[in-house]
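Secondary and tertiary structure notes
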Amino acid sequence: MTMGKLKRLVIHCTATREGREVTSAEIRHWHTDPKSKGGRGWKQVGYSDLIHLNGGVENLVPYNEDENVDPWEVTNGAAGYNGTSRHVVYVGGLAVDGQTAKDTRTVAQKEALKKYVKNFLRQHPGAEVVGHNELAAKACPSFDVKKWLKETRIM
Ligand SMILES: [Zn+2]
């Protein structure tokens, strides 16, 4: 993997049904357990930070705010982009049927994400902020990040 300058923040959802909380332990299990145990077998989890339903931000993989993505900071959120990206995930993204993509962000999560993105851009002016669906053919994070950035006047 090529590591380099931090170029973007990628926003994700956990793809879990509305109202269901997700713990960091669950994410570790999904991503880093061997395939034989139902995980993906990745060396590292997919995200640096997790935004809970109540807006609390939990760090999953430590990082510093210098301009480089150091090897120990890399997470596996989007193949081909990880060496130059930071990944943040909010809990949710699916309707109660557990299948339909839906922006399930709570008021607290929206507020936390807004603060998070603003802080990221203060630390990394010039970096871009994208949804996972702008990098891959996916519904994740179940909302239009570009539109939201405009609506909230973040960018
Ligand atoms: Zn994603």
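In this report, the structure presented in the accompanying data block is examined. These numbers were taken from a predicted model, which means no experiment stands behind them.

Right, let's get into the coordination of the zinc ion. Coordination of the zinc ion by the protein is provided by H12 (ND1), H132 (ND1) and C140 (SG), with metal-donor distances spanning 2.0 to 2.3 Å. Counting the intervening residues between successive donors of the zinc ion yields the motif H-x119-H-x7-C. Linking H12 in strand β1 (residues 8-13) with C140 in the loop between β7 (128-131) and α3 (145-151), this pair joins segments that are 128 residues apart in sequence. Owing to a relative accessible area of 1%, H12 belongs among the buried residues under this scheme. For C140, a relative accessible area of 13% gives the class buried.

In the structure shown here, the tally under the stated rule is two aromatic pairs. Ring plane angle 80° and centroid distance 5.8 Å describe the contact between F143 and W148, whose orientation is recorded as edge-to-face. Here the two residues F143 and W148 agree in accessibility, since each one is buried. Within the aromatic cluster, the residues linked to one another by ring pairs are Y90, F143 and W148. One cation-aromatic arrangement involves R86 over Y63; the distance from NZ or CZ to the ring centre is 3.6 Å. When the ring centre of F143 is taken as reference, the NZ or CZ atom of R105 above it lies at 3.5 Å.

Let us look at helix α1 (residues 24-32). Since the α-helix turns once every 3.6 residues, residues separated by three or four places project in the same direction. The set of residues buried in α1 consists of S24, I27 and H31. Around the axis of α1, the buried residues are gathered within 55° of arc, so they sit on the same side. Elements that come into contact with the buried residues of α1 comprise β3 (49-51), β4 (57-59) and β5 (85-90).

A separate point is the pairing of β5. With six of six residues buried, β5 is to be regarded as a mostly interior element. Here β5 shows a buried face lined by S85, H87 and V89 and a second buried face lined by R86, V88 and Y90. Sheet topology note: the β3/β5 ladder contains three bridges and is parallel. Bridge pairing in β5 links I51 to Y90.

Taking strand neighbours across the sheet as the criterion, the five strands line up as β4-β3-β5-β1-β7 in an open arrangement whose pairing is mixed. The open sheet has two edge strands, β4 and β7, and neither has a second partner. Taken pair by pair, the neighbouring strands of this sheet meet at an average axis angle of 25°, ignoring direction. Sheet topology places β3 next to β4; three bridges connect them, and they run antiparallel. Looking at β4, one finds that I51 is bridged to V57.

Our focus in this paragraph is the nonpolar core. Most often, soluble globular proteins have nonpolar side chains that are buried together. Grouped together as the largest cluster of nonpolar side chains are 23 residues, with contacts concentrated most on I11, L113, V117, V129 and W148. Those elements that place two or more of their residues in this core are β1, β5, α2 (107-123) and α3. Broken down by element, the residue count for this core peaks at six residues, all from α2. For L113, the contacting residues outside a window of four places in its chain are I11, I51, V88, R105, F143 and W148. Core analysis: the next-biggest nonpolar cluster, separate from the first, contains nine residues, V22, Y47, L50 and L60 among them.

Procedures and definitions
- Residues numbered from 1 in each chain as written.
- Predicted model: local features only at pLDDT ≥ 70, side-chain atom pairs only at ≥ 80, totals over all residues.
- Heavy atoms only, no water.
- Donors = N, O, S within 2.8 Å, 3.2 Å for Na, K, Ca; no water.
- Helix = DSSP H or I, 4+ residues; strand = E, 2+ residues; numbered from the N terminus.
- Buried < 20%, exposed > 50% of the residue type's maximum accessible area, 1.4 Å probe, protein only.
- Phe/Tyr/Trp six-rings, centres within 6.5 Å; stacked < 30°, edge-to-face > 60°.
- Lys NZ or Arg CZ within 6 Å of the ring centre and 35° of its normal.
- Arc of directions from axis to C-beta.
- Contact = heavy atoms within 4.5 Å.
- Pairing = 2+ DSSP bridges.
- Axes fitted to C-alpha atoms, helices over the stretch in contact; angles between N-to-C directions.
- Core = buried A, V, L, I, M, F, W, Y, C linked by side-chain atoms within 4.5 Å.

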